[in-house]
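Results of the structural survey
Now for the letters of each chain:
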Amino acid sequence: MNQDRRDRLRDAAVAVLAEAGGRGLTHRAVDAAADVPTGTAKNYFPTRDALLRAVAERCLEQYLALAAGPPPGDAEQLAALLAGLLRNVAGPGRPRVLAYLELQTEATRRPWLAALLDPIGAADFAAHAHLLRAAGLPAGPEAARALTLALHGAIPHLLAGAPDTLAAAGLDDLDRFARELLVAVCPEEAP
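Residues numbered from 1 in each chain as written. Predicted model: local features only at pLDDT ≥ 70, side-chain atom pairs only at ≥ 80, totals over all residues. Heavy atoms only, no water.

Section: the nonpolar core
Nonpolar side chains in soluble globular proteins tend to end up buried together. With 30 residues, the main nonpolar core has Leu78, Leu82, Leu132, Leu137, Leu147 and Leu182 as its most contacted residues. Sorting elements by how many residues they give to this core places helix H5 (residues 75–90) first, with eight residues. If we skip the residues at most four places from it in the chain, Leu132 touches Leu78, Leu137, Pro138, Ala139, Ala143, Ala144, Leu147, Leu182 and Cys186. (Core = buried A, V, L, I, M, F, W, Y, C linked by side-chain atoms within 4.5 Å. Buried < 20%, exposed > 50% of the residue type's maximum accessible area, 1.4 Å probe, protein only. Helix = DSSP H or I, 4+ residues; strand = E, 2+ residues; numbered from the N terminus. Contact = heavy atoms within 4.5 Å.)

Pasting the structure below:
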């Protein structure tokens, strides 16, 4: 199979799931979004479950590409990295994050999808512990959990973009939010 076309279909499936939600993710909608002949998505991903799996894999690939790069050398660099990740959620990464949240909703009814997403979600805790260590901050399980859950909790608010809620949560200034989050997670060590 043509890998470029497969990736184009997977990107289209991410966009459809983000825009139309779980009920809107159909082979026909993916074909239309990818601007390919009707039936193309079904040839690559024969079932809806295969389509959901393709979206999950593509979201993971996009997230890993975003997170790639040198680790932060100190708390200031980590705060800048976290603020950048949050800016991505509200900006160019918005479709990926919306699609991933839709996948999590679908996973409540599909145990196989929950099993597929579980290592992806669990990896965030280890990744954040690694970032804390790289920045010279305490990286115990409690700190990694607090950081991860706070970042995950910020995501729906960033996606909704309601200004009063963003201000109340401190998400109207992502640089300040990231610095304050590190102070809360590692009060004696953070910037």
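There is more to say, and it comes next.
A short note on the packing of aromatic side chains
Overall, the coordinates contain one aromatic pair when judged by the stated rule. Their ring planes at 45 degrees and their centres at 6.3 Å tell us that Tyr44 and Phe45 sit as a pair that is tilted. Judged by relative accessible area, which is 16%, Tyr44 ranks as buried. (Phe/Tyr/Trp six-rings, centres within 6.5 Å; stacked < 30°, edge-to-face > 60°.)

Quick word on unusual backbone geometry
Across the chain, the bulk of peptide bonds are trans and the bulk of non-glycine residues have phi less than zero. Look at Asp35: it is not a glycine, yet its phi comes out positive at around 55 degrees. Examined against the element boundaries, Asp35 turns out to sit in the loop between helix H2 (27–34) and helix H3 (40–44).

Section: the environment of Glu106
Within the secondary structure, Glu106 is located in helix H6 (residues 94–107). Taking relative accessible area as the criterion, Glu106 reaches 6% and is therefore assigned buried. Along the backbone, Glu106 and Leu52 are 54 residues apart, and their C-alpha atoms lie at a distance of 8.9 Å. Once residues within four sequence positions are removed from consideration, Glu106 is found in contact with Gly22, Arg48, Leu52 and Leu113.

Side note on helix H4 (residues 48–67)
With 20 residues, H4 extends 29 Å between its outermost C-alpha atoms, agreeing within 8% with the 28 Å of an ideal straight helix rising 1.5 Å per residue. Those residues of H4 lying buried are Leu51, Leu52, Ala54, Val55, Ala56, Arg58 and Cys59. For H4, the elements touching its buried residues are helix H1 (3–24), H2, H6 and helix H7 (111–134). (Expected span 1.5 Å × (residues − 1).)

Some points on the packing of H1 against H2
It is at 8 Å that the axes of H1 and H2 come closest, and there the two elements cross at 125 degrees. Between H1 and H2, the interaxial angle falls into the category oblique. Judged by the sense of rotation from one axis to the other, the crossing of H1 with H2 is right-handed. Judged by residue contacts, Arg8, Leu9, Ala12, Ala13, Val16 and Gly24 of H1 engage Ala29, Val30, Asp31, Ala33 and Ala34 from H2. Looking at the contact of H1 with H2 residue by residue, the class counts come to eight nonpolar, one polar and two charged. (Axes fitted to C-alpha atoms, helices over the stretch in contact; angles between N-to-C directions. Parallel < 35°, antiparallel > 145°, perpendicular 65-115°, else oblique. Left-handed = near helix turned anticlockwise from the far one by under 90°. Nonpolar A, V, L, I, M, F, W, Y, C, P; charged D, E, K, R; others polar.)

Observations regarding the layout of surface pockets
Approximately 480 Å³ is the volume found for the largest pocket. Here the residues of the lining of the largest pocket are counted per class, giving 15 nonpolar, five polar and two charged. Counted as a void, the second largest pocket has a volume near 320 Å³. Surrounding the second largest pocket, 19 residues form its lining, Ala67, Ala68, Leu81, Ala127 and Leu131 being those nearest its centre. When residues of the lining of the second largest pocket are traced back to their parent elements, those giving at least two are H4, H5 and H7. The element best represented in the lining of the second largest pocket is H7, accounting for seven residues. (1 Å grid on protein atoms, 1.4 Å probe; cavity = no way out; pocket = protein on both sides within 12 Å on 5 of 7 lines; lining within 4 Å. Points joined across faces, edges and corners; volume = space filled by probe spheres on them.)

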